[in-house]
Amino acid sequence: MTRYHAPEGGLPPQTALHTGRAVFTEAYAVIPKGVMSDIVTSLLPGWEGTRAWIIARPMTGFAETFSHYLMEVAPGGGSDAPEPEAGAEGVIFVTHGALCLTLDGATHDLGPGGYAYCPPGTLTRARNNGAEAARFHWIRKLYEAAPGIEAPAAFVTNQAETKPIAMPDTEGRWATTRFVAPDDLAHDMQVNIVTFQPGGTIPFEETHVMEHGLYVLEGKAVYRLNRDWVEVEAGDYMWLRAFCPQACYAGGPDPFRYLLYKDVNRHARLRGPGAFGAPHP
């Protein structure tokens, strides 16, 4: 099992040069691993022995659909009321240690590579019963119901149980581990793992309505973001607003892999948050 990068905190020494790759623009942000120190962590109400790096949150005028947390829970820590917001769905992806979830009344033990989809109101407990810190991604979004479509059920799996699907005409150099079928309209978001073999590319500038959060799990690449080419490596995070052009070249020598969020399968809103019209009376 690959051990994916997770922030460990701490601070650079006072002798370190103040240089880095962090940038926030009108179209994208890059949060490199080197800036994810102790000083930028948050404590969360209802969580014990826990700290979080909040690396994305809804912001008017930027990306508006989701939040992305990097969670670290000490042995014995966790929460008996993890999700504070009614109507919020979530995805949990474990990278280190073990996490015990109570989801829709059932208890699940997730190790590295463990993946859980949590529909609104179903995540009722999250605990670290192990001897080492549990580290995981927690991506949250308000679920958007669609007429005539039943809401999705909770499920738990592991990346090892999900076969990557190669993109057409790439000879396997670009593949996606899809935990939800793209044509499953019950889901209004997808959180997948994208893998490029060394030398693999996105050979065109993707420009689309979906917002993205991309956390680099492994390897390195040169990534095109809007007008710029930026170098990224394991532990870096990229946050893209809608319609930000993107492409990449995987640098090797190891595979380049990232955890990808995107909003999908819903009409564009014309009223309310993220739109210009007044809310419907």
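That block above? That's the structure.
The rules behind each value
Residues numbered from 1 in each chain as written. Predicted model: local features only at pLDDT ≥ 70, side-chain atom pairs only at ≥ 80, totals over all residues. Heavy atoms only, no water. Buried < 20%, exposed > 50% of the residue type's maximum accessible area, 1.4 Å probe, protein only. Helix = DSSP H or I, 4+ residues; strand = E, 2+ residues; numbered from the N terminus. Pairing = 2+ DSSP bridges. Polar contact = N/O pair within 3.5 Å; in protein donor to acceptor, adjacent residues only side chain to side chain. Axes fitted to C-alpha atoms, helices over the stretch in contact; angles between N-to-C directions. 1 Å grid on protein atoms, 1.4 Å probe; cavity = no way out; pocket = protein on both sides within 12 Å on 5 of 7 lines; lining within 4 Å. Points joined across faces, edges and corners; volume = space filled by probe spheres on them. Nonpolar A, V, L, I, M, F, W, Y, C, P; charged D, E, K, R; others polar. Salt bridge = Lys/Arg side-chain N within 4 Å of Asp/Glu carboxyl O.

S.K.: Whenever I open this one, the pairing of strand β19 (residues 237-240) confuses me. Can you help?
M.R.: Working note: regular strand, side chains alternate between the two faces of the sheet. Burial along β19 is two-sided: Y237 and W239 and M238 and L240, pointing in opposite directions, are all buried. Direction of pairing for strand β2 (residues 28-31) relative to β19: antiparallel, over a ladder of 4 bridges. Bridge assignment links Y28 to a residue of β19, and that residue is L240. As paired elements, strand β16 (residues 212-218) and β19 share 4 bridges and run antiparallel to each other. Its bridge partner lying in β19, L214 is registered against M238.

S.K.: When you look at the side chain of D236 in this model, what are you seeing that I'm missing?
M.R.: Positionally, D236 belongs in the loop between β18 (228-233) and β19. A distance of 2.6 Å separates the side chain of D236 from the side chain of R21, its partner in a polar contact. Separated by 2.8 Å, the side chain of D236 and the backbone nitrogen of K33 make a polar contact.

S.K.: Any chance you could explain the sheet that holds β18 here in plain terms?
M.R.: The strands that make up a sheet pair up through hydrogen bonds in the backbone, lying either parallel or antiparallel. Here 4 strands make up an open sheet; going across it, the order is β15-β20-β17-β18 and the pairing antiparallel. Of all strands in the sheet, those with a lone pairing partner are β15 (201-206) and β18, marking the two edges. Going from strand to strand, the sheet's axes swing by 20° on average, the running direction of each strand aside.

S.K.: Can you help me understand empty space enclosed by the protein in this one?
M.R.: Rolled over the atoms, a probe with the dimensions of a water molecule shows which regions are left empty. All chains considered together, the criterion is met by 2 cavities of 30 Å³ or more. What the largest cavity holds in volume is close to 60 Å³. Contributing to the lining of the largest cavity are A6, P7, W53, L70, M71, E72, T95, R135, F136 and H137. At the level of secondary structure, the elements contributing two or more residues to the lining of the largest cavity comprise β4 (66-79) and β10 (134-142). Among the residues making up the lining of the largest cavity, the classes are represented as 6 nonpolar, 2 polar and 2 charged. Put simply, the second largest cavity is a space of about 40 Å³. Lining the second largest cavity, in full, are V91, Y115, Y117, V180, H187, M189, Q190 and V191. When contributions to the lining of the second largest cavity are tallied by element, the ones reaching two or more residues are β8 (114-118) and β14 (189-196).

S.K.: Got a minute to help me understand the pattern of salt bridges in this structure?
M.R.: Pairing is possible between side chains that carry opposite charge, provided their charged atoms lie close to one another. Inspection of every chain in the model, using the stated rule, returns 16 salt bridges. Here R269 ties to E144 by a salt bridge, and the two come within 3.5 Å at their closest N and O atoms. Within this pair, whereas R269 is found in the segment after β21 (256-263), its partner E144 is found in the loop between β10 and β11 (155-158), the two being separated by 125 residues in sequence. Of the residues examined, R269 reaches a relative accessible area of 43% and is grouped as partly exposed. Each of R21, K33, E233 and D236 takes part in a single network of salt bridges with overlapping partners.

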